[in-house]
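Tertiary structure, described
Each chain is listed here by its residues.
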Amino acid sequence: MAVSPDGRYLLSAGWVWQPWYGLAVYDLEKALADPTTLDSVGDVFTQIGVVQAEVAGACFVGEGIVISTSTEENDPDGPDDLGPTMLARWSLADRSFVWRSQLDQPAGDVVPFAGDFLALYDHPRLYDGATGDLIAA
């Protein structure tokens, strides 16, 4: 779980039920006014219909969310969905992907790092938060 830098959103990325991992984002102001909003699968962002693979990790980077998927196969609904072993940045404001990238290996857990982010699967890799380009490994 993580709170956005501006304190507005709550991100939940992880185990939902055995053995499935998912992602949901909630508006904290709404949740404080009506805690039952936390019973949903995300009132601001849910991966349903967008991310068709299991989520391995997610974090806030600036005004967006970086999403990492696992190697677990699932049934994509369309070409714009995130499939296995992908990395993407989702814009909360635009409700769309800023960029998507197919990786050679999973990114795993992702951690914000000075506007960029670290992917921690196997060995640390630093990616540009704005473009998704690999900076260092």
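Everything here concerns the structure above.
What counts as what
- Residues numbered from 1 in each chain as written.
- Predicted model: local features only at pLDDT ≥ 70, side-chain atom pairs only at ≥ 80, totals over all residues.
- Heavy atoms only, no water.
- Helix = DSSP H or I, 4+ residues; strand = E, 2+ residues; numbered from the N terminus.
- Buried < 20%, exposed > 50% of the residue type's maximum accessible area, 1.4 Å probe, protein only.
- Contact = heavy atoms within 4.5 Å.
- Areas by Shrake-Rupley, 256 points an atom, 1.4 Å probe, with all protein chains shown as cover.
- Core = buried A, V, L, I, M, F, W, Y, C linked by side-chain atoms within 4.5 Å.
- Pairing = 2+ DSSP bridges.
- Axes fitted to C-alpha atoms, helices over the stretch in contact; angles between N-to-C directions.
- Salt bridge = Lys/Arg side-chain N within 4 Å of Asp/Glu carboxyl O.

What follows concerns the overall build of the protein chain. Along the protein chain, the regular secondary structure elements total 1 helix and 12 strands. Split into buried and exposed, the 137 residues of the protein chain put 45% on the buried side. Sequence separation of 24 or more characterises 33% of the internal contacts of the protein chain that already satisfy a separation of 6 or more. Counting only carbon and sulfur atoms, one obtains 54% of the accessible surface of the protein chain, whose full area is about 7,300 Å².

With that out of the way, let us pick up the nonpolar core. Ranked by internal contacts, the top residues of the largest apolar core, which has 16 residues, are Leu 11, Val 25, Ile 65, Ile 67 and Leu 92. Contributing elements (two or more residues each) for this core: strand E2 (9–17), strand E3 (20–27), strand E5 (55–61), strand E6 (64–69) and strand E7 (86–91). What Ile 65 contacts, discounting residues up to four positions off in sequence, is Leu 11, Val 25, Ala 58, Cys 59, Phe 60, Ala 88, Arg 89, Trp 90 and Leu 92.

What follows deals with the environment of Asp 81. Within the secondary structure layout, Asp 81 lies in the loop between E6 and E7. By relative accessible area, Asp 81 is classed as buried at 11%.

The subject of this paragraph is the sheet that holds strand E8 (residues 96–102). By definition, the strands of a sheet pair up through backbone hydrogen bonds, in either a parallel or an antiparallel sense. The strand order across the open sheet formed by 4 strands is E5-E6-E7-E8, and the pairing between neighbours is antiparallel. For this open sheet the edge positions go to E5 and E8, each flanked by a neighbour on one side alone. Across the sheet, the mean angle separating the axes of adjacent strands is 15° when strand polarity is ignored. Inspection of the sheet shows E6 paired to E7 by 5 bridges, in the antiparallel sense. Residue Ile 67 lies in a different strand from E7, and its bridge partner there is Ala 88.

Glancing now at the pattern of salt bridges. In a structure, side chains of opposite charge can pair up when their charged atoms sit close to one another. In this structure the tally under the stated criterion is 1 salt bridge. For Arg 8, the salt bridge goes to Asp 27, with nearest N and O atoms at 3.7 Å. Residue Arg 8 is found in the loop between strand E1 (2–3) and E2, and its partner Asp 27 is found in strand E3; the two are separated by 19 residues along the sequence. A relative accessible area of 7% places Asp 27 in the buried class.

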